[in-house]
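# Examination of the molecular architecture
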Amino acid sequence: QVQLVESGGGLVQTGGSLRLSCAASGRTFSRYTMGWFRQAPGKEREFVAAITGSGLTTYYADSVKGRFTISRDNAKMTVYLQINNLKPEDTAVYYCAADDVMSRVRTGRSNYWGQGTQVTVSS
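Residues numbered from 1 in each chain as written. Predicted model: local features only at pLDDT ≥ 70, side-chain atom pairs only at ≥ 80, totals over all residues. Heavy atoms only, no water.

This part is about the state of the cysteines. Under the defined criterion, the tally for this structure stands at 1 disulfide. Between the sulfur atoms of cysteine 22 and its disulfide partner cysteine 96 the distance amounts to 2.1 Å. Residues cysteine 22 and cysteine 96 are joined through a disulfide that is left-handed, its torsion about the S-S bond being -80 degrees. One end of the pair, cysteine 22, is in strand E3 (residues 18-26); the other, cysteine 96, is in strand E9 (residues 92-99), and 74 residues separate them in sequence. Just as cysteine 22 is buried, cysteine 96 falls in that class too. (Disulfide = S-S within 2.5 Å. Helix = DSSP H or I, 4+ residues; strand = E, 2+ residues; numbered from the N terminus. Buried < 20%, exposed > 50% of the residue type's maximum accessible area, 1.4 Å probe, protein only.)

With that out of the way, let us pick up the packing of aromatic side chains. In this structure the tally under the stated criterion is 3 aromatic pairs. When the centroid spacing of 6.0 Å and the interplanar angle of 90 degrees are considered together, the rings of tyrosine 32 and tyrosine 112 count as edge-to-face. With tyrosine 32 in the loop between E3 and strand E4 (33-39) and tyrosine 112 in strand E10 (residues 112-113), the pair connects residues that are 80 residues apart, well separated along the chain. Between phenylalanine 37 and tryptophan 113, the aromatic rings sit 5.1 Å apart at their centres with planes inclined by 65 degrees, giving edge-to-face as the arrangement. Of this pair, phenylalanine 37 sits in strand E4 while tryptophan 113 sits in strand E10, placing them 76 residues apart in sequence. Overall, the relative accessible area of 25% leaves tryptophan 113 in the partly exposed class. Through a chain of ring-to-ring contacts, the aromatic side chains of Phe37, Phe47 and Trp113 assemble into a single cluster. (Phe/Tyr/Trp six-rings, centres within 6.5 Å; stacked < 30°, edge-to-face > 60°.)

To continue, consider unusual backbone geometry. A positive phi angle is found at methionine 77, which is not glycine, with a value near 55 degrees. Tracing the sequence through the fold places methionine 77 in the loop between strand E7 (68-73) and strand E8 (78-83). In this model, asparagine 85 sits at a positive phi of 50 degrees, which is unusual for a non-glycine residue. Counting through the fold element by element, asparagine 85 comes out in the loop between E8 and E9.

Here we take up the pattern of salt bridges. The tally for this structure, following the rule as stated, stands at 6 salt bridges. Across the pair aspartate 100 and arginine 31 runs a salt bridge, and its minimum N-O distance is 2.7 Å. Taken together, the residues span a long stretch of sequence, with aspartate 100 in the loop between E9 and helix H1 (102-106) and arginine 31 in the loop between E3 and E4 at a distance of 69 residues. Looking at arginine 31, the relative accessible area reads 39%, which means it is partly exposed. When the shortest N-O distance is used, the salt bridge between aspartate 99 and arginine 104 registers 2.7 Å. Since its relative accessible area comes to 26%, arginine 104 is described here as partly exposed. Connected via shared salt-bridge partners are Arg38, Glu46, Arg67 and Asp90. (Salt bridge = Lys/Arg side-chain N within 4 Å of Asp/Glu carboxyl O.)

If you want it as structure tokens, here you go:
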């Protein structure tokens with residue numbers, strides 16, 4: 001079992017930045033691919049970014065490339081999502097996900113999910 005707890009969301013102005021964190025507990029963190037998803041009001045949850053257990057390979061949704069950066073600190077059992085140049089359309093609940101298999105993370109079929117953290121961007 002892996003427990004995930006997100007933090008770092010909040011209300012920010014357009015153009016601002018946030019760093020989301022997802023702290024994990026449970027089994028060996030470094031074996032898990034980690035991902036971030038988001039769900040805006042009235043929309044389906046969508047993939048944002050993923051990172052391999054080693055941290056050497058990352059994947060991003062086209063809509064966030066260049067503004068979002070995923071990273072991890074295996075010693076701290078934490079994955080991060082740095083969000084720059086925030087836009088109103090980034091407003092959503094952001095979820096952290098973990099799984100052994102990258103394809104399951106990227107397609108939203110992860111075995112483990114956090115409870116989410118709200119990001120609201122004002123125009």
